[in-house]
Amino acid sequence: MSQDEPRGEVIAAGAAREKKGNAFSRFFGSIALFIRQVIAELRKVVTPTRKELFKFTAVVLVFVLIVMGIVYGLDTFFAFVTHYVFGIPG
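All of these numbers come straight from a predicted model, not from anything done at the bench.

Draft legend 1. Just the overall build of the chain, in detail. Counting its secondary structure elements, the chain contains 2 helices and 0 strands. Put simply, the chain has 90 residues, and 2% of those count as buried.

Below, the structure written as structure tokens:
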């Protein structure tokens with residue numbers, strides 16, 4: 001797809017022109033534009049299949065377990081070092 005071709009994106013009508021109208025209409029016009037843009041983006045969302053969902057969940061859980069192990073190891077190491085450095089001599 002060429003960069004010059006429109007992709008169905010919602011843009012501000014007359015963005016290059018000067019903004020006219022009172023502040024009240026510009027404010028609510030910008031809210032309406034924002035809502036239209038949000039709806040346009042939500043239409044682009046692709047829902048994962050059940051198989052993909054389980055795969056992604058497993059990847060996240062494994063990653064969380066790995067990070068928990070690293071944090072636990074570092075916490076234990078630093079607790080040992082601080083106890084060794086500042087602990088009561090035996």
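Draft legend 2. Representation of a nonpolar patch on the surface. On the surface, Val62, Ile66, Ile70, Leu74, Phe77, Phe78, Phe80, Val81, Tyr84, Val85 and Phe86 cluster together into a nonpolar patch covering about 1200 Å² of accessible area. The class for valine 81 is partly exposed, based on a relative accessible area of 30%.

Draft legend 3. Highlighting the packing of aromatic side chains. Here the structure, examined in full by the defined rule, presents 4 aromatic pairs. Between phenylalanine 80 and tyrosine 84, the ring centres sit 6.4 Å apart and the planes meet at 20°, which makes this aromatic pair stacked. Here tyrosine 84 and phenylalanine 80 lie together in helix 2 (residues 50–86), a separation of 4 residues that amounts to about one turn.

Draft legend 4. Examining the pattern of salt bridges more closely. Taken as a whole, this structure holds 1 salt bridge when the rule is applied. In this structure, lysine 44 and glutamate 41 form a salt bridge, with 3.1 Å as the shortest nitrogen-oxygen distance. Residue classification places lysine 44 among the partly exposed residues on the basis of a relative accessible area of 44%.

Draft legend 5. Examining the environment of threonine 76 more closely. Here threonine 76 is to be found in helix 2. At 2.8 Å, the side chain of threonine 76 forms a polar contact with the backbone oxygen of tyrosine 72.

The rules we used
Residues numbered from 1 in each chain as written. Predicted model: local features only at pLDDT ≥ 70, side-chain atom pairs only at ≥ 80, totals over all residues. Heavy atoms only, no water. Helix = DSSP H or I, 4+ residues; strand = E, 2+ residues; numbered from the N terminus. Buried < 20%, exposed > 50% of the residue type's maximum accessible area, 1.4 Å probe, protein only. Patch = residues over 30% accessible without salt bridge, like charges linked within 9 Å, V, L, I, M, F, W, Y side chains within 5 Å. Areas by Shrake-Rupley, 256 points an atom, 1.4 Å probe, with all protein chains shown as cover. Salt bridge = Lys/Arg side-chain N within 4 Å of Asp/Glu carboxyl O. Phe/Tyr/Trp six-rings, centres within 6.5 Å; stacked < 30°, edge-to-face > 60°. Polar contact = N/O pair within 3.5 Å; in protein donor to acceptor, adjacent residues only side chain to side chain.

All quantities given are derived from atomic positions and should not be read as evidence of function.
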